[in-house]
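# Examination of the molecular architecture
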Amino acid sequence: MLSLLEQITPSSTVALLIFATLPLLLIVGYALFAIWLERKVSAHIQDRLGPMRVGGWHGWAQTIADMLKLIQKEDIIPTNASRFLFKSAPFVLFAASYAAFSVIPFSSAYIGSSINIGVFYLLAVTSLLTLSVIMGAWASNNKWSLLGGMRTAAQMVSYEVPTIMSVLSVLVVAGSLNLMTISEMQTGNDILGFLPNWLIFQNPFLIVAFIIFFISIVAESHRVPFDLPESESELVAGFQTEYSGMRWGIFMLAEYADMLLLSLLGAVLFFGGWASPFGSYLSGPVWGFIWFMLKGLLFVFVMMWMRWTLPRYRVDQLMEICWTILIPVSFINFVLIALWEMTF
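The sections below set out a description of the structure shown in this document. (Residues numbered from 1 in each chain as written. Predicted model: local features only at pLDDT ≥ 70, side-chain atom pairs only at ≥ 80, totals over all residues. Heavy atoms only, no water.)

### Considering the overall build of the chain
Along the backbone of the chain there are 13 helices and two strands. Here the chain has a C-alpha radius of gyration of 21 Å; the compact-globule value for 344 residues is 20 Å, and the two agree. Its C-alpha atoms give the chain principal-axis dimensions of about 60 × 55 × 45 Å. Across the 344 residues that make up the chain, the buried fraction comes to 49%. For the chain, the accessible surface area stands at approximately 16,000 Å², while carbon and sulfur atoms represent 70% of it. Here the chain carries 16 positive and 20 negative side-chain charges, and the mean point of each set is 11 Å from the other. (Helix = DSSP H or I, 4+ residues; strand = E, 2+ residues; numbered from the N terminus. Rg over C-alpha atoms; globule rule 2.2 N^0.38 Å. Buried < 20%, exposed > 50% of the residue type's maximum accessible area, 1.4 Å probe, protein only. Areas by Shrake-Rupley, 256 points an atom, 1.4 Å probe, with all protein chains shown as cover. Lys, Arg positive; Asp, Glu negative; His and termini not counted. Charge placed at Lys NZ, Arg CZ, Asp CG, Glu CD.)

### Side note on the packing of aromatic side chains
Here the structure, examined in full by the defined rule, presents 28 aromatic pairs. For the ring pair Trp198 and Phe201, a centre distance of 6.1 Å and an interplane angle of 15° mean the geometry is stacked. On the basis of an interplanar angle of 75° and a centroid distance of 6.0 Å, the ring pair of Trp198 and Phe271 is categorised as edge-to-face. Of this pair, Trp198 sits in the loop between helix 8 (179-184) and helix 9 (205-220) while Phe271 sits in the loop between helix 11 (245-270) and helix 12 (285-307), and the two are 73 residues apart along the sequence. In terms of burial, Trp198 and Phe271 fall into one category: buried. Grouping aromatic residues by their ring pairs yields a cluster made of Trp198, Phe201, Phe210, Phe213, Phe214, Phe270, Phe271 and Phe299. (Phe/Tyr/Trp six-rings, centres within 6.5 Å; stacked < 30°, edge-to-face > 60°.)

### What to know about the packing of helix 2 (residues 12-45) against helix 12
A pair of packed helices is characterised by two quantities: the angle between their axes and the separation of those axes. Between helix 2 and helix 12, whose axes approach to 10 Å, the crossing angle comes to 40°. On the basis of the axis angle, helix 2 is oblique to helix 12. Note on packing geometry: the crossing formed by helix 2 with helix 12 is right-handed. Contacts from Leu26, Tyr30, Ala34, Leu37, Glu38, Val41 and Ile45 in helix 2 reach Phe289, Met293, Leu297, Val300, Phe301, Met304, Trp305 and Arg307 in helix 12. Residue composition of the contact of helix 2 with helix 12, by class: 13 nonpolar, no polar and two charged. (Axes fitted to C-alpha atoms, helices over the stretch in contact; angles between N-to-C directions. Parallel < 35°, antiparallel > 145°, perpendicular 65-115°, else oblique. Left-handed = near helix turned anticlockwise from the far one by under 90°. Contact = heavy atoms within 4.5 Å. Nonpolar A, V, L, I, M, F, W, Y, C, P; charged D, E, K, R; others polar.)

### Details of the pattern of salt bridges
Following the criterion strictly, the structure yields seven salt bridges and no others. For Arg312, the salt bridge is made with Asp227, and the minimal N-O distance between the two is 2.8 Å. Of this pair, Arg312 sits in the loop between helix 12 and helix 13 (315-343) while Asp227 sits in the loop between helix 9 and helix 10 (232-235), and the two are 85 residues apart along the sequence. Among the residues examined, Asp227 registers a relative accessible area of 5% and is labelled buried. Of the charged contacts, one joins Arg314 and Asp316 as a salt bridge, the two residues approaching to 2.9 Å between their closest N and O atoms. Overall, Arg314 belongs to the partly exposed group, its relative accessible area being 49%. (Salt bridge = Lys/Arg side-chain N within 4 Å of Asp/Glu carboxyl O.)

### What about the nonpolar core?
By size, the foremost hydrophobic cluster in this structure holds 86 residues, and its most contacted members are Phe106, Leu179, Ile182, Leu269 and Phe270. Beyond its immediate chain neighbours, meaning those up to four positions away, Ile182 contacts Val119, Leu171, Ala174, Ser176, Leu199, Val268 and Leu269. (Core = buried A, V, L, I, M, F, W, Y, C linked by side-chain atoms within 4.5 Å.)

### Things to note about the environment of Phe331
Within the fold, Phe331 resides in helix 13. Along the sequence, Phe331 and Met165 sit 166 residues apart, while their C-alpha atoms lie 6.8 Å from each other. Filtering out sequence-adjacent residues up to four positions away, Phe331 remains in contact with Val161 and Met165.

### Examining helix 13
Helix length check: helix 13 (29 residues) gives 41 Å between terminal C-alpha atoms against 42 Å at 1.5 Å per residue, within 8%. Along its length, helix 13 reaches its greatest deviation from straightness, about 30°, at Leu326, and the proline Pro328 lies no more than four positions downstream. For helix 13, the complete set of buried residues consists of Leu318, Ile321, Cys322, Leu326, Ile327, Ser330, Asn333 and Ile337. Each element contacted by the buried residues of helix 13 is listed here: helix 7 (143-174) and helix 9. (Expected span 1.5 Å × (residues − 1). Bend = angle between axes of the 7 residues up to and from the residue.)

### As for the side chain of Glu160
Locating Glu160 in the fold gives a position in helix 7. Buried charged residue Glu160 carries no salt bridge. Nearest counter-charge: Arg223, at 17 Å. Beyond its immediate stretch of four places on either side in the chain, Glu160 contacts Ser127, Thr130 and Glu220.

### Side note on the environment of Leu49
Inspection of the secondary structure puts Leu49 in the loop between helix 2 and helix 3 (62-72). Accessibility expressed as a relative area gives 56% for Leu49, which makes it exposed. For the pair Leu49 and Arg39, spaced 10 residues apart in the sequence, the C-alpha separation amounts to 9.1 Å.

Written out as structure tokens, the structure is:
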């Protein structure tokens, strides 16, 4: 992809800028679509219509209208807030989420950086999401924001453990930290002659690893039933209580980008990445991108479904699920995966 851009652009610098901007366009377009989709999903689950008028067909332009409204809203900063940290937090949050997309293999023809430690890089960069949320919460000088930030610290640090253990379980089977290599090794239909050659079918214990991984990424994305950092019912809006206008909008954009990022990571690690479920049929760079996005959006849809189906856990229940269930099971499952690989 980069070599093609270098041929059709006047300089390599311009080609590199375009190459680096493509994920940003994808994130913004996805966020606009996902916010509209979540409204429609919630409406249908609750037997309502949702947006219907703005933009014509099923209110497709409602999110665009909301974005224009946010741009025009006043940017309010509390008098006693730490102004520099308060202003910086949303941008640090989105920058960390955006930087993680650089190692995601969108298709066989497009990946930002095919580095050999792509998995560790992604996990390291996403850890900055926790710091940026805490930074914005503390800088707001609001007790509800601070409580939300403290919940974020406890929740993110705790649920990173089962997430990392699930990822390590996949790496034991894949034998590589390069996400492009992991995607390439899952092409074809080699399991029982008809099943896709995806990692989740190569080791039965990886099914348990994926369940743990999905629960953990829901918690790391602050989605219901793990949305304790926001908790509108008791914390007003948690860490983003004092934010308004586009600073609040950037927080929302980063949340939806994080949902997509972790969903795409799950698609790479467990479900073949850009590999077609039909082997060589409907494969190639373009079809690979389509399959990859469909897999990621399916997980995003499940997160939306959960939001409007499950009640929120209490803080003690949230931590108990992680430390007494997910972490012990993830460690035991990791050992079983390793024994399976050594035996078979």
